[in-house]
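# Fold and contact review
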Amino acid sequence: MYMKTNFPTEMFQNLQTPFYYYDTELLNRTLQSAMTEANRYGYHLHYAVKANANSRVLESIRAAGLGADCVSGGEIQAAVDAGFSADKIVFAGVGKADWEINLGLDKDIFCFNVESLPELQVIDALAAAKGRTACVALRVNPEVDAHTHAHITTGKKENKFGINLDQLDGVLDSLAGLPHVRLIGLHFHIGSQLLDLEPFRALCGRVRELQANLEKRGVQVENLNFGGGLGIDYAQPDAHPIPDFGTYFKIFHDNFPVQPHQQIHFEPGRSIVGQCGALISKVLYVKEGSEKRFVILDAGFTELIRPALYQASHAIQNLTSDKKEVIYDVVGPICESSDCFAKDIPLPETQRGDLIALRSAGAYGEIMASQYNCRQLPAAYFSDLL
Ligand code: LLP
């Protein structure tokens with residue numbers, strides 16, 4: 001079936017492929033929806049920069065009023081360069097290097113999301129050396145199964161992330177001996193690409209229990225950060241271009257009563273930028289194998305690694321053919337068998353030179369591109385600048 005799309009296919013003909021194409025209007029509508037739904041409950045959003053750190057994308061997100069969730073010194077720098085104010089930057093990650101912690105201290109970011117006792121001790125020492133006090137939230141592994149792909153599940157006991165529930169008391173005890181850190185809250189993230197929202201309800205229950213235990217110890221939790229994870233519709237991007245932020249935030253509102261002294265935070269990544277981006281590629285060859293027909297693209301896992309790494313499936317469209325459908329494997333040019341975007345999918349009969357869009361590639365697409373095989377990193381174009 002030939003799908004009519006909003007892509008400016010004529011203009012694409014003049015551009016060197018492969019490249020990323022961002023629909024600026026969709027990004028802005030998505031941001032508006034996320035902010036409107038979050039504002040209903042006074043929730044704070046920190047965009048997970050890891051999903052896409054393209055400077056223009058970051059600037060739109062900053063202009064919409066979100067903060068930034070960073071996982072490296074490079075991301076802190078990218079967020080600062082894009083104009084995010086330091087008091088809206090949070091810094092997570094299991095392995096923060098000293099220079100990265102120092103950068104966070106020097107920029108005076110809002111909060112370090114701390115994942116272990118040794119990390120807490122290092123932050124305390126580095127803050128002491130600067131005569132400063134660092135605000136920290138403890139990232140607690142809530143032991144809630146997100147039922148998502150194993151590579152993007154983070155909240156189970158065996159995952160490397162966060163402080164295990166049974167070790168939390170010990171970490172809280174040690175805070176007394178660490179005068180250069182100030183505990184301002186708790187942080188959680190159970191996984192990514194969640195379409196079944198039930199695990200978020202379970203997370204709320206777990207956090208309520210945890211909070212009750214902390215209150216018994218006399219610890220008041222000022223900030224609660226529920227991480228990211230809301231999924232997008234990879235199968236039907238045109239039917240669901242904007243994720244259902246309303247239902248998502250309502251789950252937290254209905255299941256987690258906020259106390260007057262508390263602020264609630266989220267770190268959406270994919271749900272903000274996923275649907276506005278597509279990887280545009282040209283067909284190099286159509287190869288008739290003895291058992292299969294292959295569409296060989298000029299884009300490979302160097303530009304979009306999600307299918308190879310997570311068996312992720314992205315909707316694929318031929319933008320320049322409306323012929324009868326044929327079954328193809330769609331593959332890239334990289335010298336690895338895993339460089340395959342889709343097996344046995346129907347596409348309009350395809351020929352050399354056709355333009356192909358790999359949809360829903362705005363999150364974890366451009367940012368995960370590599371130069372393997374000495375390839376060039378892909379360019380990015382925006383709908384409002386073409
Ligand atoms: N907060 C923390 C602590 C995270 O680890 C992540 C994602 C997020 C927020 C944002 O989650 P999101 O809203 O995007 O689900 N490369 C993989 C996804 C890795 C997610 C890592 N953590 C993929 O392409 O599916």
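Below or above, wherever it landed, is the structure these notes cover. (Residues numbered from 1 in each chain as written. Predicted model: local features only at pLDDT ≥ 70, side-chain atom pairs only at ≥ 80, totals over all residues. Heavy atoms only, no water.)

### Quick look at the site of the ligand
Within the structure, the ligand sits among 19 residues, and Ser192, Glu267, Arg306, Tyr310 and Tyr364 are positioned closest to it. At 2.4 Å, a side-chain N or O of serine 192 approaches an oxygen atom of the ligand. Separating an oxygen atom of the ligand from a backbone N or O atom of glycine 269 is a distance of 2.9 Å. Out of a free accessible area of 590 Å², the ligand has 92% covered by protein chains. When its residues are assigned to classes, the shell around the ligand shows six nonpolar, seven polar and six charged. (Near = heavy atom within 4 Å. Polar contact = N/O pair within 3.5 Å; in protein donor to acceptor, adjacent residues only side chain to side chain. Areas by Shrake-Rupley, 256 points an atom, 1.4 Å probe, with all protein chains shown as cover. Nonpolar A, V, L, I, M, F, W, Y, C, P; charged D, E, K, R; others polar.)

### Considerations on unusual backbone geometry
The omega torsion of the bond from threonine 17 to proline 18 falls at -10°, within 30 degrees of zero and hence cis. With a phi close to 60°, aspartate 108 is a non-glycine residue in the positive phi region. Position of aspartate 108 relative to the elements: it lies in the loop between helix H5 (98-107) and strand E5 (111-114). Classification of aspartate 108 as partly exposed rests on a relative accessible area of 49%. Phi is positive for glutamine 311, which is not a glycine, with a value near 55°. Residue position: glutamine 311 is located in the loop between helix H11 (306-310) and strand E13 (316-318). Its relative accessible area of 60% is what places glutamine 311 among the exposed residues. (Helix = DSSP H or I, 4+ residues; strand = E, 2+ residues; numbered from the N terminus. Buried < 20%, exposed > 50% of the residue type's maximum accessible area, 1.4 Å probe, protein only.)

### A word on the packing of aromatic side chains
As enumerated under the stated definition, the model contains 24 aromatic pairs in all. Relative to tyrosine 248, the ring of phenylalanine 200 lies with its centre 5.1 Å away and its plane at 80°, an arrangement referred to as edge-to-face. Separated by 48 residues along the polypeptide, phenylalanine 200 in helix H8 (residues 198-216) and tyrosine 248 in helix H9 (residues 245-255) bring together distant segments of the chain. When sorted by exposure, phenylalanine 200 lands in the same class as tyrosine 248, which is buried. Members of the aromatic cluster, joined through ring pairs, are Tyr41, Tyr43, Phe188, Phe200, Phe226, Phe245, Tyr248, Phe249, Phe252, Phe256 and Phe266. A cation over a ring is seen here: arginine 56 above phenylalanine 382, with NZ or CZ 4.8 Å from the ring centre. Its guanidinium or amino end placed over the ring of phenylalanine 91, lysine 96 lies 5.4 Å from that ring's centre, counting from NZ or CZ. (Phe/Tyr/Trp six-rings, centres within 6.5 Å; stacked < 30°, edge-to-face > 60°. Lys NZ or Arg CZ within 6 Å of the ring centre and 35° of its normal.)

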